[in-house]
Amino acid sequence: MSAQSLAVPTYSATAIPRAVNPWVVAVAVVIPTFMEVLDTTIANVALRHIAGGLSAAVTDGEWVITSYLAANAIILPISGWLSIRLGRRNYFLLSILVFTIASASCGMATSLGMLIFSRVLQGLAGGGLQPSSQGVLLDAFPKEKQGAAQTVFGIAALLAPVVGPTLGGYITDNYGWRWVFYINIPVGLLALVMCNAVVSDPDYLKAQSAEARKERRAFDTLGLSLLAITMISWEILLSKGQEWDWFGDPFFRVQTLALLFVLGLGGLIVRELSYDNPLINFRTLKDPNFRICCILIFCTFAALYGNTVSLPALLQTLFGYDATTSGLVLSPSGIFAIIMLVIVGRLLGRGVDARYLIAGGLFILGVGAYWMSLLNLDISPWQIVWPRVLFIMGLSSIFAPLNVAAFINIPPQLRGAAVGLLALLRNEGGSVGTSVAQTIVQRREQFHALRLGENLDPLNPAVNSYLDQTQPIFLQQTGDPVAAKQMALQDLADLREQQSLALAYFDTFFVIAVGAVALIVLIFFMKRSVAAKDAHVAAE
């Protein structure tokens, strides 16, 4: 599908004044993006500390994450609409300012309710940062340099969730959970000053904004309401589904949320396709490349978050690592991610078809996840480092080519809506990956515990041999034969639970591997995605 088939007006796309180097703009807009994406994971490891500090239950502390993601999800798809009405520069700067103020409010919270309210405000402001910064990058660089521009954005969007748990664990262990939020204040102020100095709206966006203000179309209140119902029910469903036993919930909370989600989503689609001034412009999905890229970004970030949640939990639960140590084991992958992003950016700049890079990245990601599924509990830290490095290298090979392929046929006038929709799916993929990974671990742990327990009986020579070896040890410690026998049996039961949990985590990695390789099939339905050297989507 060509850009012309999307039936939008054309404007001159002079974006950034020639006096401003595009790379200066890139550095400025990437800072708030990194800050916002970091906040999706940095508070995860501090939930127990937050709940304890505010005298709340640990399960209630999960609303700190859910409220942020729900608010974020509501804003992401309408960020393009807000950018047109307010002006992208104004909206971007306002989002940075409110996000910074909300972060300070989170750190100063004296109750869980105050913290949740501040997180909602933080999520509403943060939802505009990703798509706005990506839109600025797309307009700041010419088409043949889109690969390099997306590499810069990829470093922020990809590394933030990777280093989030590590940084959050270190800050919480050494300075307290409030500094998880206070750290955003100096970063936000720096980003506000830099972006105010170098970011400006392109001509086509100024024309669109002037036209929108001139027409004074009615605000799509019904669309916003349907969007809020859809996203809130979706996020709560993902966050609480496993705790409430999914569709086995006797109180019908999950069933009600699922029904609200289906009705809300159906009503939203019908409303936005029939309304002449929609909040979410679904016309971007007419482009086949963009449709497939939406699926790919959703699934790959589900794989990233599923792995990022499962691997630290495995290390802390079964290997006895603390949050800081487990983060250090995972941190080398961040270095290789940057290296891979730079290499991929250069290949894109030299005219390599983005489809080949995406397919190769999915294969590498799958191999890395499969390698993790073959691990056991007798490994050293370095035997965890390298599978994780391979996994992240595969993901790094996907991110920039995927963004180039997604936007290559999207005209500038629909780019804001496309960026917002893609950012929403990226975030929602992370939510789904986290929820699915937790569900697989819990369900497969039960399965493996039952299967391993099938052969743990007095007729098994291995069981008797293990008890004969361990019972004398406990007898020496207690001097009580009955207590020693019970302790030996309990030790065997603990060993079974340990192995069951380990196998459940390895099953999660195997599911990620199979899913990644299966996604390669979608590449065959994409059109050629090579940036033409002489074609520009924006002036330099």
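Calculation rules
Residues numbered from 1 in each chain as written. Predicted model: local features only at pLDDT ≥ 70, side-chain atom pairs only at ≥ 80, totals over all residues. Heavy atoms only, no water. Helix = DSSP H or I, 4+ residues; strand = E, 2+ residues; numbered from the N terminus. Rg over C-alpha atoms; globule rule 2.2 N^0.38 Å. Buried < 20%, exposed > 50% of the residue type's maximum accessible area, 1.4 Å probe, protein only. Contact = heavy atoms within 4.5 Å. Areas by Shrake-Rupley, 256 points an atom, 1.4 Å probe, with all protein chains shown as cover. Lys, Arg positive; Asp, Glu negative; His and termini not counted. Charge placed at Lys NZ, Arg CZ, Asp CG, Glu CD. Axes fitted to C-alpha atoms, helices over the stretch in contact; angles between N-to-C directions. Parallel < 35°, antiparallel > 145°, perpendicular 65-115°, else oblique. Left-handed = near helix turned anticlockwise from the far one by under 90°. Nonpolar A, V, L, I, M, F, W, Y, C, P; charged D, E, K, R; others polar. Expected span 1.5 Å × (residues − 1). Salt bridge = Lys/Arg side-chain N within 4 Å of Asp/Glu carboxyl O.

Trainee: What's the story with the overall build of the protein chain in this structure? I'm lost.
Mentor: If you tally the helices and strands in the protein chain, you get 22 helices and zero strands. The globule rule puts the C-alpha radius of gyration for 540 residues at 24 Å, and the 25 Å found for the protein chain is close to it. Each principal axis of the C-alpha atoms in the protein chain carries an extent, and together these give about 90 × 50 × 45 Å. Looking at the 540 residues of the protein chain, the share that counts as buried comes to 56%. Residue pairs in contact within the protein chain that sit at least 24 positions apart in sequence constitute 84% of those at least 6 positions apart. Of the accessible surface of the protein chain, which amounts to about 22,500 Å², a share of 66% is contributed by carbon and sulfur atoms. Put simply, the protein chain has 34 plus and 34 minus side-chain charges, and the middle of one group is 13 Å from the middle of the other.

Trainee: Explain the side chain of Asn307 to me, please; I cannot follow it from the model alone.
Mentor: One can find Asn307 in helix α15 (residues 288-318). Residues contacting Asn307, with those up to four places away along its chain left out, are Pro312, Met372, Arg388, Phe391, Phe509 and Ile512.

Trainee: Please clarify how the packing of helix α6 (residues 88-107) against helix α11 (residues 184-198) should be interpreted in this entry.
Mentor: Geometrically, a packed helix pair is captured by the angle between its two axes and the distance between the axes. Two numbers describe how α6 lies on α11: the axes approach to 9 Å, and their chain directions differ by 165°. With respect to α11, the axis of α6 lies roughly antiparallel. Read as a crossing pair, α6 and α11 show a hand that is left-handed. Of the residues in α11, those touching α6 at Arg89, Phe92, Leu93, Ile96, Leu97, Phe99, Thr100, Ser103 and Ala104 are Asn184, Ile185, Gly188, Leu189, Ala191, Leu192, Cys195 and Asn196. For the contact of α6 with α11, the per-class residue count stands at eleven nonpolar, five polar and one charged.

Trainee: Can you walk me through α15 in this structure?
Mentor: Each α-helix turn comprises 3.6 residues. Residues three or four places apart therefore point the same way. The end-to-end C-alpha distance of α15, which contains 31 residues, comes to 44 Å, matching closely the 45 Å that a straight helix rising 1.5 Å per residue would cover. The buried fraction of α15 amounts to 23 of the 31 residues, a majority that puts the element mostly inside the structure. After α15 finishes, the residue Gly320 shows a positive phi value of roughly 75°.

Trainee: Quick question: what am I supposed to make of unusual backbone geometry here?
Mentor: Across residues other than glycine, the phi torsion is negative in most instances, and most of the peptide bonds are trans. At Asp245, a position not held by glycine, the phi torsion is positive, near 65°. Along the chain, Asp245 falls in the loop between α13 (221-240) and α14 (253-274). What makes Asp245 partly exposed here is its relative accessible area of 39%. With a phi close to 60°, Phe252 is a non-glycine residue in the positive phi region. Mapping Phe252 onto the fold places it in the loop between α13 and α14.

Trainee: Is there a simple way to think about the environment of Pro411 in this case?
Mentor: With respect to the helices and strands, Pro411 occurs in the loop between α19 (382-407) and α20 (412-453). Assessed through its relative accessible area of 8%, Pro411 is described here as buried. Separated by 127 residues in the primary sequence, Pro411 and Thr284 place their C-alpha atoms 9.3 Å from one another.

Trainee: Just checking my understanding: could you explain the pattern of salt bridges for this structure?
Mentor: In the structure shown here, the tally under the stated rule is eight salt bridges. For Arg444, the salt bridge identified is with Asp507, shortest N-O distance 2.9 Å. Placement of Arg444 in helix α20 and of Asp507 in helix α22 (residues 481-518) is noted, with a sequence separation of 63 residues between them. One salt bridge connects Arg451 with Glu454, and the closest N-O pair in it is separated by 3.4 Å. Relative accessible area serves as the criterion here: at 48%, Glu454 is assigned to the partly exposed category.

Trainee: Which parts of the structure should I look at to understand the environment of Val120?
Mentor: Along the chain, Val120 turns up in helix α7 (residues 112-126). Contacts of Val120, omitting those with residues within four sequence positions, involve Ser67 and Ala71.

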